[in-house]
Amino acid sequence: MMDDFKLLNKSKLLLKYIESNIICNIPKVHSSYRKGLEENVISLNYNIIKANINTGSIRSKYLKEVLVNISMIDLYLDILLDINVISKKKFMVVIRLLNEIRRMTKALIENEKIK
């Protein structure tokens, strides 16, 4: 259960970083990327909270949704990096956070399988 709160804290940190350092710098011309990135970061937090309050297969479902959100955030960041909207440094900061969240989520999924 303690890992759940660590996961939520990491995802909140990710949300704050993306909101303050990336989304505000995306030009209007790329608003579809901004919207997709923002929706997936919010959905990531939403799915983590839903996983925290459920158990069993429902919990596993939401944890798998977290992995989908992570993949989509990664995709949007790759695109923004390719079109030079974000710097390599900001990209790497977010990727490190995403990798930590991914690792923690996979560990929670494995723990659910054992139960």
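Structure's up top.
Please read these numbers as outputs of a predicted model, since none were measured by experiment.

Relative to the elements of secondary structure, asparagine 21 occurs in helix α1 (residues 2-21). A sequence separation of 41 residues divides asparagine 21 from tyrosine 62, and the C-alpha atoms of the two residues are 27 Å apart. A distance of 3.2 Å separates the side chain of asparagine 21 from the side chain of serine 20, its partner in a polar contact.

Before going further, it helps to spend a moment on the nonpolar core. Counting 33 residues, the largest nonpolar core has Leu14, Ile18, Ile22, Leu37, Ile73 and Leu77 as the members making the most contacts within it. Looking at this core, the elements that each hand over two or more residues are α1, α2 (31-53), α3 (56-82) and α4 (88-114). The residues contacting isoleucine 73, other than those within four sequence positions of it, are Leu14, Ile18, Leu37, Asn40, Val41, Leu44 and Leu98.

Turning next to unusual backbone geometry. Positive phi, normally seen in glycine, also occurs at asparagine 84, with a value near 60°. With respect to the element layout, asparagine 84 can be found in the loop between α3 and α4. Note on asparagine 84: relative accessible area 68%, which makes it exposed.

On to the pattern of salt bridges. For the structure on display, the rule yields four salt bridges. Between glutamate 39 and lysine 35 there is a salt bridge, with its nearest N and O atoms 3.8 Å apart. Of this pair, glutamate 39 and lysine 35 both sit in helix α2, separated by four residues, roughly a single helical turn. The class of lysine 35 is exposed, set by a relative accessible area of 51%. The residue glutamate 112 makes a salt bridge to arginine 59 at a minimum N-O spacing of 2.9 Å. Of this pair, glutamate 112 sits in helix α4 while arginine 59 sits in helix α3, placing them 53 residues apart in sequence. Note on glutamate 112: relative accessible area 13%, which makes it buried. By relative accessible area, which is 8% here, arginine 59 ends up buried.

The rules behind each value
- Residues numbered from 1 in each chain as written.
- Predicted model: local features only at pLDDT ≥ 70, side-chain atom pairs only at ≥ 80, totals over all residues.
- Heavy atoms only, no water.
- Helix = DSSP H or I, 4+ residues; strand = E, 2+ residues; numbered from the N terminus.
- Polar contact = N/O pair within 3.5 Å; in protein donor to acceptor, adjacent residues only side chain to side chain.
- Core = buried A, V, L, I, M, F, W, Y, C linked by side-chain atoms within 4.5 Å.
- Buried < 20%, exposed > 50% of the residue type's maximum accessible area, 1.4 Å probe, protein only.
- Contact = heavy atoms within 4.5 Å.
- Salt bridge = Lys/Arg side-chain N within 4 Å of Asp/Glu carboxyl O.

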